[in-house]
Amino acid sequence: MAKFSSGKFGYSGAIFQLEGVSCRFGPVAALTDCSLAIAPGERVALIGPSGAGKSTLLSLLNGSQVPTTGRVAVMGQDIGRLKARKRRRIQRLVGTVYQQHHLVGNLAVVHNVNAGHLGRWSLPKALWSLVWPQAVPTAAQALAQVGIVDRLYARTDRLSGGQQQRVALARVLVQDPAAILADEPISSVDPERSRAMMDLLRQLNETTGKTLVISLHEVEFAFKYCDRIIGLRQGQILFDAPATQVSDAMLTNLYQL
Ligand SMILES: Nc1ncnc2c1ncn2[C@@H]1O[C@H](COP(=O)(O)OP(=O)(O)O)[C@@H](O)[C@H]1O
Ligand SMILES: [Mg+2]
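All of these numbers come straight from a predicted model, not from anything done at the bench.

Here the focus is the domain arrangement of the protein chain. Structurally, the protein chain comprises domain 1 (1–93 + 178–185 + 212–257) and domain 2 (98–176). If you average the C-alpha positions of domain 1 and of domain 2, the two centres end up 27 Å apart. At the junction of the two partners, domain 1 supplies six residues and domain 2 supplies six residues. Grouping the amino acids of the side of domain 1 that touches domain 2 by side-chain chemistry returns two nonpolar, no polar and four charged.

And the structure:
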């Protein structure tokens, strides 16, 4: 495999690697014998029917789940074998945006963005920041990156749905992750807002080189925005191919009832 460099993170090689990974929840096999490698800077879509294992795969990549069998390496580190502290350090290099943004509505935007630092800040600093916001330039820069720098001190629940989604993304950006995972970021969102969000994610990928892994319900967006498409069905990787090589027949297979 070609070598890739992830620059300032001082690591070359796959940013994510799964080898023979299975993940069970009691009797349910959410993933079975999955292997893949994702290089720094790639833009990858995960598609497949509901229950196929997309969210489970993302939770393995960000270390919030460990596999039942097999190995998950993030930047070459076997997540399942790391001590808690080292695992958290690696986890901070992976930011995740969820469909539910988990923002605190009655706080100013700056506080919600600063929640991205919580893994790193001491408790006193985090509490003090609620009175006297810390790291304001960093928060402002993240908000500029997502196009809403003027909303720094707005109450979060006064923002539109689209703006709140941008705040959630800014919160991930202050973490300065090497990779951004997004779990169905545009489900139940109108087409215009979907396009705006996907444009933003692609632009971040292109300007910062951050790896993107996005689970998508909307296949046409996967083709438009991602270079590589992984099709999951019943916990298995049915295909993993460049977007240009995914055929209608492959999609029919993926979604057949
Ligand atoms: N925490 C969990 N406990 C029990 N079963 C789960 C859990 N998470 C996922 N599953 C099951 O694993 C399978 C894959 O789920 P998921 O990864 O959420 O699929 P997708 O995101 O593609 O819809 C489903 O059958 C789901 O019910
Ligand atoms: Mg899901």
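The full set of residues close to ligand 1 is F25, V28, A30, G48, S50, G51, A52, G53, K54, S55 and T56. Elements with a minimum of two residues in the shell around ligand 1: β2 (28–38) and α1 (54–61). In terms of residues, the shell around ligand 1 owes the most to one element, α1, which gives three residues. Tallied by class, the residues present in the shell around ligand 1 amount to four nonpolar, six polar and one charged.

So, about α1. Along α1, six of the eight residues are buried, which leaves the element largely enclosed by surrounding structure. If you check which residues of α1 are buried, you get K54, T56, L57, L58, L60 and L61.

One open sheet holds the four strands; their spatial order is β2-β1-β4-β5, and the pairing between them is antiparallel. Because the sheet does not close on itself, it has two edges, and the strands there are β2 and β5 (77–78). Here strand β1 (residues 16–25) pairs with β2 via seven bridges, running antiparallel. Across the sheet, F25 pairs through a bridge with V28, a residue of β2.

A few words now on the confidence of the model for the protein chain. Scored by pLDDT, the protein chain has a mean of 90; 95% of the residues are at 70 or more. In this model, residues 1–8 is a region of pLDDT below 50 whose contacts with residues beyond four sequence positions or in other chains number 15 contacts.

Criteria and thresholds
Positions within a chain are numbered from 1, following the residues in the order the chain's sequence is written. The lettering of chains begins at A and the numbering of ligands begins at 1, in the order of writing. For a predicted model such as this one, the threshold for reporting local features is a pLDDT of at least 70, and the threshold for listing and counting side-chain atom pairs is 80 or more; totals across whole chains, interfaces and linings nevertheless cover every residue. Domain segmentation is taken from an automatic or database assignment of domains. This entry defines residue contacts through backbone-placed C-beta atoms, with two residues in contact when those atoms are within 7 Å. Under the scheme applied here, ten amino acids are nonpolar (Ala, Val, Leu, Ile, Met, Phe, Trp, Tyr, Cys and Pro), four are charged (Asp, Glu, Lys and Arg), and all others, including Gly, are polar. A residue counts as near a molecule or strand when its C-beta atom, positioned from the backbone, falls within 6 Å of it. A run of DSSP states H or I qualifies as a helix once it reaches four residues; a run of E qualifies as a strand once it reaches two. Both are numbered from the N-terminal end. Buried means a residue has 20 or more other C-beta atoms within 10 Å of its own C-beta, exposed means 12 or fewer, and partly exposed covers the counts in between; C-beta atoms are placed from the backbone. Should DSSP find at least two bridges between two strands, the strands are regarded as paired. A score from 0 to 100, pLDDT tells how confident the predictor is in each residue.

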